Amino acid sequence: QMQLVESGGGLVQAGGSLRLSCAASGRTFNTLGWFRQAPGKEREFVARIGWSIGTTYYTASVKGRFTISRDNAKNTVYLQMNSLKPEDTAVYYCAAGGGGNYPQGYYYWGQGTQVTVSS
C-alpha cells in the first residue's frame, strides 16, 4: 500500500507562483507524476519524474514554467509552478505507478489540491 498527500495549492494571480508538495509513504514505484483536472475536462498529464534516476517529462503547455523535482530523503515530490495562467486552474493530483503520460499507468493517487489562478 502507498499513501500520497498533496499540499501547497491555493489562489494566486496570473503570473504568480505556487509550489505543490506530495509526501509519499509506504511502498515505492518507478515514477511519480502530477496530473490535473479542470471542471468538465478529463484528467490530464502535467509532469513526471523517475524516482531513482530523476528523469523528467512535461506536457508542452507547462514546459519552461513548471519544474518537477524530488527529495528522496523526504520521500517527497515537488511541482514548482511559475508564470501561472488562468488556464492552469484545476485540481492537481499526485500519482505513483509505472510511468507514462496517462492516468491508467498509475496505481495510487493523492486526494488532490486546488490551484486557482485569477486573471
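Note that the structure is predicted; figures quoted are calculated from it, not measured.

Caption draft 1: Representation of the state of the cysteines. Under the counting rule described, the total for this entry stands at one disulfide. Between the sulfur atoms of C22 and its disulfide partner C94 the distance amounts to 2.0 Å. One disulfide, between C22 and C94, carries an S-S torsion of -75° and so falls in the left-handed class. Here C22 is found in strand β3 (residues 18–26), whereas its partner C94 is found in strand β9 (residues 90–97), with 72 residues between them in sequence. An identical accessibility class is assigned to C22 and C94; each is buried.

Caption draft 2: Spatial organisation of the packing of aromatic side chains. All chains considered together, the criterion is met by seven aromatic pairs. When the centroid spacing of 5.5 Å and the interplanar angle of 55° are considered together, the rings of F29 and Y107 count as tilted. Taken together, the residues span a long stretch of sequence, with F29 in the loop between β3 and β4 (31–37) and Y107 in strand β10 (residues 106–109) at a distance of 78 residues. On the basis of relative accessible area, F29 is assigned to the buried category, the value being 15%. A connected cluster of aromatic rings, assembled from ring pairs, spans F35, F45, Y93, Y106 and W109. Here the guanidinium or amino end of R43 rests over the ring plane of W109, the centre of that ring lying 4.8 Å away. The ring centre of Y57 lies 3.9 Å from the NZ or CZ of R48, which sits over that ring.

Caption draft 3: Focus on the sheet that holds strand β1 (residues 2–7). Taken in spatial order, the four strands line up as β1-β3-β8-β7 in an open sheet, and their pairing is antiparallel. In the strand order of this sheet, the two ends are held by β1 and β7 (66–71), each with one partner. For this sheet, the mean angle separating the axes of adjacent strands, direction not counted, is 15°. Here β3 pairs with strand β8 (residues 76–81) via six bridges, running antiparallel.

Caption draft 4: Quick peek at unusual backbone geometry. A positive phi angle, close to 50°, is found at N75, a residue other than glycine. Relative to the helices and strands, N75 is located in the loop between β7 and β8.

Caption draft 5: Examining the nonpolar core more closely. Counting residues in hydrophobic clusters, the biggest one holds 29 residues, and the most contacted among them are L4, W34, L79, M81 and Y92. Elements represented by at least two residues in this core include exactly β1, β3, β4, β5 (44–50), β7, β8, β9 and β11 (113–118). Those residues within four positions of L79 in sequence are excluded, and the remaining contacts are L18, R19, L20, W34, V46, A47, F66, T67, I68 and Y92.

Quick notes on the rules
- Residues numbered from 1 in each chain as written.
- Predicted model: local features only at pLDDT ≥ 70, side-chain atom pairs only at ≥ 80, totals over all residues.
- Heavy atoms only, no water.
- Disulfide = S-S within 2.5 Å.
- Helix = DSSP H or I, 4+ residues; strand = E, 2+ residues; numbered from the N terminus.
- Buried < 20%, exposed > 50% of the residue type's maximum accessible area, 1.4 Å probe, protein only.
- Phe/Tyr/Trp six-rings, centres within 6.5 Å; stacked < 30°, edge-to-face > 60°.
- Lys NZ or Arg CZ within 6 Å of the ring centre and 35° of its normal.
- Pairing = 2+ DSSP bridges.
- Axes fitted to C-alpha atoms, helices over the stretch in contact; angles between N-to-C directions.
- Core = buried A, V, L, I, M, F, W, Y, C linked by side-chain atoms within 4.5 Å.
- Contact = heavy atoms within 4.5 Å.

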